[in-house]
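# Observations on the three-dimensional arrangement
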Amino acid sequence: MRNKELIRKVQLMGGSTLIISLPKEWTRKAGINPGDFVYLHVESDNSLRVMPKNVISLKRRETIIEVGKDMSKGALVRELMSRYLAGYKVIVLNFRDGDYKQRKYLKSAISRKLIGVEVLEESSNKMILQVLVNVEELTVNTIIQRMMYVASGMLSDSLRELRKLDREVIRDIIDRDDIADKLYLYILRQLNATIKGYLRLEEIGLKGVEETLQYGIVAKSIERIADHAQRIAMNLLELSQMDVILKEDLCRTVYEYGSSINKIFRDSVNAFLTRNRGEAHNIMDTATESLIGYEKVIVDHMMNFEMSAKAYFPLRLIIDSLRRIVDYSVDISEATLDLTAELYKPT
């Protein structure tokens, strides 16, 4: 049945009950028969969503992945990710050739990238996974906030290593990007399941289905910020391996520059979570201008600091990553304005 607009006349039955008929083609495809129950959900805009019972039962549905010997490790993980994001609760993997290396790699990917996925059964040719997270314990606001804490922590810890360049600490920062990836994939799963009707809006903390787009944009922006925090750490590791010692003035200026950017990032996320349009406007109006002074000083320090081309390149990439974090913070502020557009009342 193609997407199309249908009009039904509201009729009165029994003196007080209003009824409408359901489209015949839809009821046939949905498997609805006389006497069956359907689920009704009132949306925030007062529209009504009608869901067959079999859609609700899909909350417990399962999917099967056939894993052949020729399937690459990357393809295997992508297949798993796609089923996870689609909202399946149970994922069955059949390994035709019983490849131990495939199963080992897959379990490592699950541990690093997916929240709440547990191995319920495993043999040489079969693995059964189930998603066990309680959705009410991780609302979308909670996930966004935790992603902010992870990305902000990665950035602040990277900035503190400008002076010490401790390789062990830097490697720990790099590994923490997996936490941001886990949270990002999970919120995409929640938003996707809500759009498809497997979850109710209130279960994940939303008021309207239109909010899913902006939450997806903000989650992606934070995930990209975490990626740039990881890149900063990776470039610090490269400087450390070259035994480069940065001058104190340069370290201090970059640290202050990065700390100001981290504050802009945190403020943009908090404005989104609290629906603060004024703060979002303030960030978009002042973020770039407030950093110009730092950028000029950093360029002067880098010009006066004698270093090899190899050492200059990682430092330049660190500054570029910090600048990209500002851009993503502005994107988050724009999402705040879009999310609250209907709530805005000019004075």
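Shown above is the structure to which this text applies.
This is a predicted model, so every value here is computed, not measured. Along each chain, numbering runs from 1 in the same order as the chain's sequence is written. In view of the model being predicted, local features appear only for residues whose pLDDT reaches at least 70, and side-chain atom pairs are presented and counted only at 80 or more, with totals across whole chains, interfaces and linings using the full set of residues. The basis for every side-chain value is the complete set of heavy atoms in the structure, and neither hydrogens nor water enter the calculation.

## Comments concerning unusual backbone geometry
- Despite not being glycine, Leu165 has its phi angle at roughly 50°, a positive value.
- Its location among the elements puts Leu165 in the loop between helix 5 (140-164) and helix 6 (167-175).
- Positioned with a positive phi, Asp243 is a non-glycine residue whose angle comes to about 60°.
- The way it works is that DSSP assigns letters per residue, a run of H or I at least four long becomes a helix, a run of E at least two long becomes a strand, and they are numbered from the N terminus. Mapping Asp243 onto the fold places it in the loop between helix 8 (211-241) and helix 9 (248-274).

## A short note on the pairing of strand 5 (residues 62-67)
- Only protein chains enter the calculation, and the probe is 1.4 Å; a residue is then buried if its accessible area is under 20% of its type maximum, exposed if over 50%, and partly exposed in between. Here strand 5 shows a buried face lined by Thr63, Ile65 and Val67 and an unburied face lined by Glu62, Ile64 and Glu66.
- When the strands point away from the viewer, a crossover counts as right-handed if the route from the first strand across the helix to the second turns clockwise. Handedness of the crossover is the feature at issue here: the chain leaves strand 5, passes through helix 3 (residues 73-85), returns alongside strand 6 (residues 90-95), and the resulting connection is right-handed.

## Topic: the packing of helix 5 against helix 7 (residues 177-195)
- Working convention: axes come from line fits to C-alpha atoms, limited for helices to the stretch in contact. Angles between N-to-C directions cover 0 to 180 degrees. Remark: helix 5 packs on helix 7, axes separated minimally by 9 Å, with the N-to-C direction vectors making an angle of 160°. Our classification of the angle between helix 5 and helix 7 gives roughly antiparallel. Where helix 5 crosses over helix 7, the two elements pack in a sense that is left-handed. Residues Val140, Ile143, Ile144, Arg146, Met147, Val150 and Met154 of helix 5 form the contact with helix 7, whose own contacting residues are Asp177, Ile179, Ala180, Leu183, Tyr184, Tyr186, Ile187 and Leu191.
- Across the contact of helix 5 with helix 7, the residue classes tally to 13 nonpolar, no polar and 2 charged. Angles are sorted into four bins: roughly parallel if under 35 degrees, roughly antiparallel if over 145, roughly perpendicular if 65 to 115, and oblique for all others. For a crossing to be left-handed, the near helix must be turned anticlockwise from the far one by less than a right angle; the clockwise case is right-handed. Pairs of residues are marked as contacts when any of their non-hydrogen atoms sit within 4.5 Å. Residue polarity is assigned by list, with Asp, Glu, Lys and Arg as charged and Ala, Val, Leu, Ile, Met, Phe, Trp, Tyr, Cys and Pro as nonpolar; anything else, Gly included, falls into the polar class.

## Some thoughts on the packing of helix 6 against helix 8
- Two numbers describe how helix 6 lies on helix 8: the axes approach to 9 Å, and their chain directions differ by 155°. When the interaxial angle is binned, helix 6 and helix 8 end up roughly antiparallel. The two elements helix 6 and helix 8 cross, and the hand of that crossing is left-handed. For the pair formed by helix 6 and helix 8, the contact residues are Arg167, Ile170, Arg171, Ile173 and Ile174 on the first element and Gln230, Ala233, Met234, Leu236, Leu237, Ser240 and Gln241 on the second.

## Observations regarding the sheet that holds strand 5
- Taking strand neighbours across the sheet as the criterion, the 4 strands line up as 5-6-8-7 in an open arrangement whose pairing is mixed. Either end of the sheet is taken by a strand with one partner, and the two such strands are strand 5 and strand 7 (117-123). The average undirected angle you get between the axes of adjacent strands in this sheet is 20°.
- Pairing between strands requires that DSSP locate at least two bridges from one strand to the other. Across 6 bridges, strand 7 lies against strand 8 (residues 126-131) in antiparallel orientation. Counted as the bridge partner of Glu122 is Met127 from strand 8.

## Points about the pairing of strand 8
- Examined bridge by bridge, strand 6 and strand 8 share 5 bridges and lie antiparallel to one another. Across the sheet, residue Val90 finds its bridge partner in strand 8, namely Gln130.
- What sits between the antiparallel neighbours strand 7 and strand 8 is a turn of 2 residues.

## Structural notes on the nonpolar core
- Note on terminology: a nonpolar core comprises buried Ala, Val, Leu, Ile, Met, Phe, Trp, Tyr and Cys residues joined through side-chain atoms within 4.5 Å. If you look at the biggest cluster of nonpolar residues, it comprises 91 residues, and the most contacted ones within it are Leu93, Ile144, Ile222, Phe265 and Leu322.
- A total of 12 residues in this core trace back to one element, the largest contributor, which is helix 8.
- In contact with Phe265, not counting residues within four places along its chain, are Met148, Ala151, Ser152, Ile222, Ile225, Ile325, Ser329 and Ile332.

## A short note on a nonpolar patch on the surface
- On the surface, Leu22, Leu40, Val42, Leu48 and Val50 cluster together into a nonpolar patch covering about 440 Å² of accessible area.
- Broken down by secondary-structure element, the contributors of at least two residues to the nonpolar patch are strand 3 (38-42) and strand 4 (48-52).
- In this structure, Leu48 sits in strand 4.
- By relative accessible area, Leu48 is classed as exposed at 51%. Only residues whose relative accessible area exceeds 30% and that form no salt bridge enter a patch; like-charged residues are grouped when within 9 Å of one another, and nonpolar side chains (Val, Leu, Ile, Met, Phe, Trp, Tyr) when within 5 Å. To be clear on the numbers: accessible area is Shrake-Rupley with a 1.4 Å probe, and residue cover counts the displayed protein chains and nothing else. Throughout this description, the term salt bridge denotes a Lys or Arg side-chain nitrogen within 4 Å of a carboxyl oxygen of Asp or Glu.

## Looking at the packing of aromatic side chains
- Only rings of Phe, Tyr and Trp enter the pairing, Trp through its six-membered ring, and a pair is recorded when the two centres are within 6.5 Å. The plane angle decides the type: under 30 degrees is stacked, over 60 is edge-to-face, the rest tilted. Inspection of the entire model under this criterion finds 2 aromatic pairs.
- Ring centres of Tyr215 and Phe272 lie 4.9 Å apart, and the angle between their planes is 70°; this geometry places the pair in the edge-to-face category. Of the two residues, Tyr215 sits in helix 8 while Phe272 sits in helix 9, which places them 57 residues apart along the sequence.
- A residue is classified by how much of its surface remains accessible, and Tyr215, at 0% relative accessible area, is buried.
- For Phe272, a relative accessible area of 0% gives the class buried.
- Ring geometry for Tyr257 and Tyr294: centres 6.2 Å apart, planes at 55°, overall tilted. On the criterion of sequence distance, the pair formed by Tyr257 in helix 9 and Tyr294 in helix 10 (residues 277-304) is long-range, its members being 37 residues apart.
- The partly exposed category is assigned to Tyr294, whose relative accessible area is 25%.
- Cation placement over rings: the criterion is NZ of Lys or CZ of Arg within 6 Å of the ring centroid and within 35° of the ring normal. Above the plane of the ring of Tyr84 lies Arg189, whose end atom (NZ or CZ) is 5.1 Å from the centre.

## Some points on the pattern of salt bridges
- Evaluated as defined, the whole model comprises 18 salt bridges.
- When the shortest N-O distance is used, the salt bridge between Asp249 and Arg252 registers 3.0 Å. Of this pair, Asp249 and Arg252 both sit in helix 9, separated by 3 residues, roughly a single helical turn.
- Owing to a relative accessible area of 38%, Asp249 belongs among the partly exposed residues under this scheme.
- Overall, Arg252 belongs to the partly exposed group, its relative accessible area being 35%.

The analysis is restricted to geometry; functional conclusions fall outside its scope.
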